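Chain by chain, the residues:
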Amino acid sequence: MAPRIRASVTPSIGIAGEYGTWIVRCTIEDGLLNTGDTVAVALPNTWHAWLRNSAKGVHSLDPAQPNYVSAQVSRADVTIRCTVPDGSTDEFEKATREALVGPPNRCAYHTEVTVTQGTLQAGDWIDVTYGDTSGGSPGFTAALHPNGAEPVRIALLTADNKDEKTLLSEEKSPLLVTKAGEPVEVAAYAPSHARVGSEAACHVAALDSWQNPAAAARISFAVSVVEGRAEHPATVALNPETGTCVVPFTPTAPGVVRLMVTGLAETNAPCDRPGVNRGNELGINGEDTCGTDGEGTFTAVSNPILCAEELPCEQVYWGDLHSHARRSFDATGDLPFAYARDVAHLDFYALTDHVEGLTDEMWQEIRLATQDWYDPGRFATILGYEATFPAPWAHHNVYFRDDDDVRIGRHNGTVQDLWRQLMPGQAMTIPHHTGVRFSPKASNLPGGTGPNIDWQYANDTFRRVVEIYSGHGLCEYYDPEHPLAYQHCDFSLNDSAVGPHYVQDGWLTGQRMGTICSSDNHQAQSGRRQTGLAAVWAPALTRNGIFDSIHNRQTYGTTGARILLKMWVNDTFMGRETASGNGVSVRVWVVGTDEIAWVEILRGDLDAQRFDVVYRREPNAADCAFTWDDPQPVANALYYVRLRQKEPLAGRVVQAWSSPVWVVQSQEKEG
């Protein structure tokens, strides 16, 4: 019979991404822990998630390396062995592991402490030290993102039955809490449209180095208008409980409005952060404070707000249609809806955990959360999942207009099987990172070395748009030198696959696909700023309104900046078809979030099977509107716009891509 134990963790708090030392003590309350018996300890999965869509290396191998784990015992006459199964000193790990509790997960490390000689009795203890610095290790990094109070799970495995574990109940498990770090930047998100004379709201968030809301920060902001005319308060104060605040404003004249907030952070605000070693690789110094070492000034300018006497019949709304949380084998986090709505301030959102690992219970949880968070006019949620089909099908995200229950992935079919089960007009499938070649570290991922698509498998009924960019990188066309190519983005460890697997290749087969971008975030930070946003021109911020507009390809995508973009060909809006025969006139309207470096019109010649940049303009301004007539139009073509701004966002170049307009010989245009 296994002994009964109690457990504690000291300290119980960590600061996001910072080095520290945490000791999990397992004390025997009654019974004996004999030679060969094992105590297993698992920190929350969030505490193992790391950069580049990976887990960090956790180990008991080298006491000088980061994330070193050791164990100590109270009795001098008892010896123990401490191991981390599948432990590694590598910074990035992508292997899926069996979890001590729950389904397999990339971040599911645990530590095993085995008694190799002697016996432990009531009152004796074993300490498992995460971040033992005695051998030169800088310590153990806390979770990158707050996720509430999370249990440290403990299990006992006896020598005579290693296959059966006795778990300490979740109610008796010690809890770890991650708090955000100090603010390093401020973001300001406003609606893209506002009515003159009506109050609207700009949302401001103070963010730490990992883009968490810096909830302990105390910042007062001065508010000003840098473009346009609007009434607003002179100052606003950050809510220290949420790390956010609202700037109410009322436009007083038509045109573009941009608001600016400038804040000064209070210093030396008290903060409970025991056991935390400051001075990590981010260069944040000081102890036992939530403020900066000196006075920190933060400035943010909102995205452009198009103000009019009457709101247009269709407005642009911003969302993330591709992100993951803890129900995916390669992801962590419990709060994706909250981050999407309250931190990224998205208008619409879909959680797309991998269907291959979803139990009926998990799927029901997602369905209920999607419904519970739906708030028409404020936050539109869409039910979806990711199906990780291998080549030649490619990974597809699946979306439902209503609460449907068709669940097909690589575990039970192909994308064609999926299409056969879906109802036209009630579901969509969106392919993504079609040209990625996965890192060798990810060889156990569904799809092997890459899910590269074969575009001959087409379905315009369900494949209405394509994800042209995500945090992984760009799949517009094959160009390993492009600054947004997979190998140049810090999201993962991947590179670009050679072959006709890219969006332009799909368009040249004649497929009608609009464009979106998404984050593909794997740590419940949906809408993270530099990893892709979908823009939708829709009549209403409702589930049906957003779904219909995506279905109609009234979409475009950006790398994260909330750029306003429209394109027409012969007065036909992007996403639709127009007839050839009377020339081609392309009209473009752009309002950037910063100075625009260039705008390009691309023409895809479906007969010649090639793409060309047929027009380029360098506005050197934040706004741009022009009309261009094609001097040499072709009979069967598509046109789309892409643009780049001069300044990067969070280290990445800022681009946007419109959906195409198709120019066809037939006089019968698509409805």
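Rules of the game
Residues numbered from 1 in each chain as written. Predicted model: local features only at pLDDT ≥ 70, side-chain atom pairs only at ≥ 80, totals over all residues. Heavy atoms only, no water. Helix = DSSP H or I, 4+ residues; strand = E, 2+ residues; numbered from the N terminus. Rg over C-alpha atoms; globule rule 2.2 N^0.38 Å. Buried < 20%, exposed > 50% of the residue type's maximum accessible area, 1.4 Å probe, protein only. Contact = heavy atoms within 4.5 Å. Lys, Arg positive; Asp, Glu negative; His and termini not counted. Charge placed at Lys NZ, Arg CZ, Asp CG, Glu CD. Pairing = 2+ DSSP bridges. Axes fitted to C-alpha atoms, helices over the stretch in contact; angles between N-to-C directions. Phe/Tyr/Trp six-rings, centres within 6.5 Å; stacked < 30°, edge-to-face > 60°. Lys NZ or Arg CZ within 6 Å of the ring centre and 35° of its normal. 1 Å grid on protein atoms, 1.4 Å probe; cavity = no way out; pocket = protein on both sides within 12 Å on 5 of 7 lines; lining within 4 Å. Points joined across faces, edges and corners; volume = space filled by probe spheres on them. Nonpolar A, V, L, I, M, F, W, Y, C, P; charged D, E, K, R; others polar. Expected span 1.5 Å × (residues − 1). Arc of directions from axis to C-beta.

Student: Help me get a handle on the overall build of the protein chain, residues and values and all.
Tutor: For the protein chain, the helix and strand inventory stands at five helices and 48 strands. A compact globule built from 671 residues would reach a C-alpha radius of gyration of about 26 Å, and the protein chain, at 27 Å, matches this within 12%. Its C-alpha atoms give the protein chain principal-axis dimensions of roughly 95 × 60 × 40 Å. In the protein chain, which comprises 671 residues, the share counted as buried stands at 58%. Relative to all contacts within the protein chain whose residues are 6 or more apart in sequence, the contacts with residues 24 or more apart total 74%. Averaged over its 52 positive side-chain charges, the protein chain has a centre that lies 2 Å from the centre of its 82 negative ones.

Student: Give me the lowdown on the sheet that holds strand 31 (residues 396-400), citing residues and values where you can.
Tutor: As summarised here, the arrangement of the three strands in space is 30-31-32, forming an open sheet in which the pairing is antiparallel. A single partner strand is all that each edge strand has here, and the edge strands are strand 30 (383-387) and strand 32 (427-431). The average undirected angle you get between the axes of adjacent strands in this sheet is 20 degrees. When strand 30 meets strand 31, the two strands line up antiparallel, connected through five bridges. Within strand 31, the residue paired with glycine 384 across the bridge is tyrosine 399.

Student: Describe in detail the packing of aromatic side chains, supporting the description with residues and values.
Tutor: Remark: the centre distance and the inter-plane angle together describe each pair of aromatic rings, the angle taken between the planes. Per the counting criterion, the structure on display carries 18 aromatic pairs. Look at tryptophan 22 and tryptophan 47: their rings are 5.0 Å apart centre to centre, the planes differ by 85 degrees, and that puts the pair in the edge-to-face class. Linking tryptophan 22 in strand 4 (residues 22-30) with tryptophan 47 in the loop between strand 5 (38-42) and strand 6 (49-50), this pair joins segments that are 25 residues apart in sequence. Through successive ring pairs, a cluster of aromatic residues spans Phe337, Tyr349 and Trp373. Over the ring of tryptophan 125 we find arginine 25, and its NZ or CZ is 3.9 Å from the ring centre. One Lys or Arg, lysine 56, reaches over the ring of phenylalanine 140 and ends 3.9 Å from the middle of that ring.

Student: How would you explain the layout of surface pockets if you had to name every residue and give the values?
Tutor: Here the largest pocket is characterised by a volume of approximately 710 Å³. Lining the largest pocket are 27 residues, and of these Asn45, Val101, Gly102, Pro103 and Arg326 lie nearest its centre. Broken down by secondary-structure element, the contributors of at least two residues to the lining of the largest pocket are strand 13 (149-151) and helix 2 (360-372). Split into classes, the residues belonging to the lining of the largest pocket amount to 13 nonpolar, seven polar and seven charged.

Student: Let's hear about helix 2: which residues, and what values?
Tutor: Between its first and last C-alpha, helix 2 extends 18 Å over 13 residues, near the 18 Å set by a 1.5 Å rise per residue. What helix 2 keeps buried is the set Met362, Trp363, Ile366, Arg367 and Thr370. Viewed along the axis of helix 2, the buried residues span an arc of 140 degrees, placing them on a single side of the element. Away from the buried face of helix 2 by more than 90 degrees, exposed residues Asp360, Glu361 and Asp372 are located.

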